[in-house]
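Single-letter residue listing:
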Amino acid sequence: MSSKDEKNLTQVVDRISKMDEPTRSTMQRVHDIIMAAAPTLKPRIWYGMPAYAKSASTPALITLRMDERLNLAITEKATFRAAGGADGGLMPAAWYFETVDAVTERRIAEIVRSVVD
């Protein structure tokens, strides 16, 4: 890992560590899920949020936000695929969550892998 990548990772971990509980633990878990699902992604702060990109010099593909609810989002820089079925041409781009159970963990990993693959 380059020193810039290490600095960016430290900034993301620091940002998460400053959150209040239980948000901090949940966001740390989601960060860990993202990194396990796509270890080639590079974490960094993007518009004040933890984010993940293919490299330190490319746009973020995934962001984590903490508003009233926690949010996993795919940015407009990712390749989108229409949902199909009842959702037709709509393209899912954000998921809100409050906690992470096993089902949510698997879905987050699927979403992350779909962005990277």
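Up top you'll find the structure we're talking about.
Residues numbered from 1 in each chain as written. Predicted model: local features only at pLDDT ≥ 70, side-chain atom pairs only at ≥ 80, totals over all residues. Heavy atoms only, no water.

Caption draft 1: Representation of the overall build of the protein chain in the model. For the protein chain, the count of helices and strands is 3 helices and 5 strands. When its helices and strands are written in sequence order, the protein chain yields α-α-β-β-β-β-β-α. Here the C-alpha radius of gyration of the protein chain, 14 Å, is about what a compact globule of 117 residues would show, namely 13 Å. Its C-alpha atoms give the protein chain principal-axis dimensions of about 45 × 30 × 25 Å. Expressed as a percentage of its 117 residues, the buried residues of the protein chain come to 37%. Sequence-distant contacts, at least 24 apart, represent 43% of the contacts inside the protein chain between residues at least 6 apart. In the structure as shown, the protein chain presents an accessible area of about 6,900 Å², 52% of it carried by carbon and sulfur atoms. The centroid of the 16 positive side-chain charges in the protein chain is displaced by 6 Å from the centroid of its 15 negative side-chain charges. (Helix = DSSP H or I, 4+ residues; strand = E, 2+ residues; numbered from the N terminus. Rg over C-alpha atoms; globule rule 2.2 N^0.38 Å. Buried < 20%, exposed > 50% of the residue type's maximum accessible area, 1.4 Å probe, protein only. Contact = heavy atoms within 4.5 Å. Areas by Shrake-Rupley, 256 points an atom, 1.4 Å probe, with all protein chains shown as cover. Lys, Arg positive; Asp, Glu negative; His and termini not counted. Charge placed at Lys NZ, Arg CZ, Asp CG, Glu CD.)

Caption draft 2: Spatial organisation of the environment of Leu-70. With respect to the helices and strands, the residue Leu-70 is situated in strand E4 (residues 70-74). In sequence terms Leu-70 and Pro-59 are 11 residues apart; their C-alpha atoms lie 21 Å from each other. Beyond its immediate chain neighbours, meaning those up to four positions away, Leu-70 contacts Thr-23, Thr-26, Met-27, Arg-65, Trp-95, Tyr-96, Phe-97 and Glu-98.

Caption draft 3: A look at the sheet that holds strand E5 (residues 94-97). In spatial order, the strands read E1-E2-E3-E4-E5; together these 5 strands make up an open sheet with antiparallel pairing. The open sheet is flanked by strand E1 (42-46) and E5, the only strands paired with a single partner. Strand-to-strand, the axes of this sheet are offset by a mean angle of 20°, without reference to chain direction. The pairing of E4 with E5 spans 4 bridges and is classified as antiparallel. (Pairing = 2+ DSSP bridges. Axes fitted to C-alpha atoms, helices over the stretch in contact; angles between N-to-C directions.)

Caption draft 4: Expanded view of the packing of helix H1 (residues 3-17) against helix H2 (residues 23-37). The N-to-C vectors of H1 and H2 enclose an angle of 150°; their axes lie 8 Å apart at closest approach. With respect to H2, the element H1 is oriented roughly antiparallel. Note on element contacts: H2 touches H1 through Arg-24, Met-27, Gln-28 and His-31, opposite Leu-9, Val-12, Val-13, Ile-16 and Ser-17. Split into classes, the residues belonging to the contact of H1 with H2 amount to 5 nonpolar, 3 polar and 1 charged. (Parallel < 35°, antiparallel > 145°, perpendicular 65-115°, else oblique. Nonpolar A, V, L, I, M, F, W, Y, C, P; charged D, E, K, R; others polar.)

Caption draft 5: Geometry of the packing of aromatic side chains. Inspection of the entire model under this criterion finds 1 aromatic pair. Measuring from ring centre to ring centre gives 4.8 Å for Trp-46 and Tyr-47, while their planes differ by 80°; the resulting arrangement is edge-to-face. Residue Trp-46 is classed as buried on the basis of its relative accessible area, which comes to 18%. When its relative accessible area of 71% is taken as the criterion, Tyr-47 is described as exposed. (Phe/Tyr/Trp six-rings, centres within 6.5 Å; stacked < 30°, edge-to-face > 60°.)

Caption draft 6: Inspection of H1 at higher detail. A rise of 1.5 Å per residue sets the reference length of H1, with its 15 residues, at 21 Å; its end C-alpha atoms lie 21 Å apart and thus fit the reference within 8%. Within the span of H1, buried status applies to Asp-5, Asn-8, Val-12 and Ile-16. Looking down the long axis of H1, one finds its buried residues gathered within 75° of arc, a one-sided arrangement. Away from its buried face by more than 90 degrees, H1 exposes Ser-3 and Lys-7. For H1, the secondary structure elements touched by its buried residues are H2, E1 and strand E2 (49-53). (Expected span 1.5 Å × (residues − 1). Arc of directions from axis to C-beta.)

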